[in-house]
Amino acid sequence: MKTRIRELREALGMTQQQLADSVDVTRQTIISLEQGRYNPSLMLAYGIAKALKKTRVEEVFEME
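Caption draft 1: Structural view of the overall build of the protein chain. Check the secondary structure of the protein chain and you find four helices and two strands. Listed by position from the N terminus, the elements making up the protein chain come as β-α-α-α-α-β. Rg of the C-alpha trace for the protein chain: 10 Å, near the compact-globule value of 11 Å for 64 residues, within the 12% margin. For the C-alpha atoms alone, the extent of the protein chain along its principal axes is close to 25 × 20 × 20 Å. In the protein chain, which comprises 64 residues, the proportion classed as buried is 38%. Across the protein chain, every contact between residues at least 6 apart in sequence was considered, and the portion connecting residues at least 24 apart equals 53%. Per element, the accessible surface of the protein chain, about 4,300 Å² overall, is 49% carbon and sulfur.

The structure is reproduced here in structure tokens:
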């Protein structure tokens, strides 16, 4: 799965740790998501989209 997490996070001036804290996961989880090594649950994907100020999960995650 491709993501725009890094791009959107950096545009907001947010660190990986800040994003991780806002969605209650570890920084390692955010790293894995950004590198495409981990597919999030629907609830986590929604939480990340919300933390990144997006209204739709599709604005952050793209199915390959």
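Caption draft 2: Looking closely at the nonpolar core. Formed by 17 residues in total, the largest nonpolar core has its most connected members in Ile5, Leu19, Ile48, Leu52, Val60 and Phe61. Mapped onto this core, the elements with two or more residues apiece are helix H1 (5-11), helix H2 (16-23), helix H3 (27-34) and helix H4 (42-51). At five residues, H4 tops the list of elements feeding residues into this core. What isoleucine 48 contacts, discounting residues up to four positions off in sequence, is Ile5, Val23, Leu33, Val60 and Phe61.

Caption draft 3: Broad picture of the side chain of glutamine 16. Within the element layout of this structure, glutamine 16 appears in helix H2. A polar contact is formed between the side chain of glutamine 16 and the side chain of arginine 27, at a distance of 3.3 Å. Setting aside its immediate chain neighbours within four residues, glutamine 16 contacts Arg6, Arg9, Arg27, Ile30, Ile31 and Glu34.

Procedures and definitions
Residue positions within a chain follow its written sequence, with the count starting from 1. Where local features are concerned, this predicted model is filtered to residues with pLDDT of at least 70; where side-chain atom pairs are given and counted, the filter is 80 or more; whole-chain, interface and lining totals use all residues. In computing side-chain properties, one takes all heavy atoms of the structure into account and sets aside hydrogens as well as water. Segments assigned H or I by DSSP are reported as helices when at least four residues long, segments assigned E as strands when at least two residues long, and all are numbered from the N terminus. Our radius of gyration is a C-alpha quantity, and the globule rule it is checked against amounts to 2.2 Å times the number of residues to the power 0.38. Exposure classes here rest on a 1.4 Å probe applied to the protein chains alone. A residue is buried below 20% of its type maximum, exposed above 50%, and partly exposed in between. Any pair of residues with heavy atoms lying within 4.5 Å of one another is described as a contacting pair. Here the open area of atoms and residues is found with the Shrake-Rupley method and a 1.4 Å probe, where only the protein chains shown may cover a residue. The term nonpolar core refers to a set of buried residues drawn from Ala, Val, Leu, Ile, Met, Phe, Trp, Tyr and Cys, joined through side-chain atoms within 4.5 Å. N or O atoms within 3.5 Å of each other form a polar contact, as long as, within protein, one can give a hydrogen and the other can take it, and as long as residues adjacent in sequence are counted only when both atoms are side-chain atoms.

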